[in-house]
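Chain by chain, the residues:
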Amino acid sequence: KIVLISGQAGSGKSTCSHLLYEHLESVALIEADAVIKVKPWVEYEELRKLAMMNGAVLMKNYWNSGYQYIICSGIVWNQKDMDFLCSQIPELSENFVLFWLHTKKEERHKRRMKRHRDDADQSDSLEFVDKIVSGEKPDSIPCGKIYEIDTTNRIPDEVTKEILQLLMDTNS
């Protein structure tokens, strides 16, 4: 399965992706932030497209190398992204399972201020980042599945357990 974990900044994508990676065997992890580190920074839409193209190449390479699970954190942010990703690797789209994580705005902002990972986690950037990643989850994947999970007031281990259960259910 290709496990897409997406949602707004601060919803728990990276944390849950890393925990999921630890729980699974025969697994690869792709993080959107790692496939688009560029200088100088380029326009948002161009950067999103680059992330999906790079992610698609990695997904295909890991798939062809026999990994049973490929976890992709933050690659897909909306239906337009999902459609583009499917167009890049249509032969794999039936193996996609998307977990859309969402959290109340106040909690997302609190989490981001606490982690302070990069400039996007600065107090003056919180609203701007929320506008870019609007929280509108993709509605469809050709032959794939979409699950929406509320991570508000939940610990990452609990959310990861839910993802694992849903993932196992899709395998049966």
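Here goes a summary of the coordinates provided. (Residues numbered from 1 in each chain as written. Predicted model: local features only at pLDDT ≥ 70, side-chain atom pairs only at ≥ 80, totals over all residues. Heavy atoms only, no water.)

## Some words on the environment of Gly74
- Within the fold, Gly74 resides in the loop between strand 3 (69–73) and helix 4 (79–88).
- We classify Gly74 as buried; its relative accessible area is 4%.
- For the pair Gly74 and Lys13, spaced 61 residues apart in sequence, the C-alpha to C-alpha distance is 6.8 Å. (Helix = DSSP H or I, 4+ residues; strand = E, 2+ residues; numbered from the N terminus. Buried < 20%, exposed > 50% of the residue type's maximum accessible area, 1.4 Å probe, protein only.)

## Some points on the nonpolar core
- The biggest cluster of nonpolar side chains holds 23 residues, and the ones touching the most others in it are Leu4, Met59, Ile75, Leu85 and Phe96.
- Broken down by secondary-structure element, the contributors of at least two residues to this core are strand 1 (2–7), helix 2 (32–35), helix 3 (44–64), strand 3, helix 4 and strand 4 (96–102).
- Per element, the largest residue contribution to this core is five residues, and it comes from helix 3.
- If near-sequence neighbours (up to four positions away) are discounted, Leu4 is found in contact with Met59, Cys72, Val76, Met82, Leu85, Phe96, Val97, Leu98 and Phe99.
- Ranked by size, the runner-up nonpolar core spans 18 residues in total, among them Ile5, Ile71, Tyr147 and Leu167. (Core = buried A, V, L, I, M, F, W, Y, C linked by side-chain atoms within 4.5 Å. Contact = heavy atoms within 4.5 Å.)

## Focus on the environment of Lys13
- Relative to the helices and strands, Lys13 resides in helix 1 (residues 13–23).
- Exposure remark for Lys13: the relative accessible area of 14% places this residue in the buried category.
- Along the primary structure Lys13 and His102 are separated by 89 residues, whereas in three dimensions their C-alpha atoms are 9.4 Å apart.
- When neighbours within four sequence positions are excluded, Lys13 is seen to be in contact with Ile5, Ser6, Gly7, Gln8, Ser73, Gly74 and Leu101.
- Side-chain polar atoms of Lys13 contact the backbone oxygen of Gly7, separated by 3.2 Å. (Polar contact = N/O pair within 3.5 Å; in protein donor to acceptor, adjacent residues only side chain to side chain.)

## Digging into the packing of helix 1 against helix 7 (residues 156–171)
- With their axes 9 Å apart at the nearest point, helix 1 and helix 7 run at an angle of 60° to one another. With respect to each other, helix 1 and helix 7 are oriented oblique. Every pair of crossing elements has a handedness; the one defined by helix 1 and helix 7 is right-handed. Between helix 1 and helix 7, the contacting residues are Thr15, Cys16, Leu19, Leu20 and His23 on the first element and Pro156, Asp157, Val159, Thr160, Ile163 and Leu164 on the second.
- Among the residues forming the contact of helix 1 with helix 7, the class breakdown is seven nonpolar, three polar and one charged. (Axes fitted to C-alpha atoms, helices over the stretch in contact; angles between N-to-C directions. Parallel < 35°, antiparallel > 145°, perpendicular 65-115°, else oblique. Left-handed = near helix turned anticlockwise from the far one by under 90°. Nonpolar A, V, L, I, M, F, W, Y, C, P; charged D, E, K, R; others polar.)

## Overview of the packing of helix 3 against helix 4
- Following both chains from N to C, one finds helix 3 and helix 4 inclined at 40°, their axes separated by 10 Å at the closest point. The orientation of helix 3 relative to helix 4 falls into the category oblique. Crossing of helix 3 against helix 4: the hand is right-handed. The residues of helix 4 that touch helix 3, namely those facing Glu45, Arg48, Lys49, Met52, Met53, Ala56 and Met59, are Lys80, Asp81, Phe84, Leu85 and Gln88.
- Each residue belonging to the contact of helix 3 with helix 4 can be placed in one class, and the counts come to six nonpolar, one polar and five charged.

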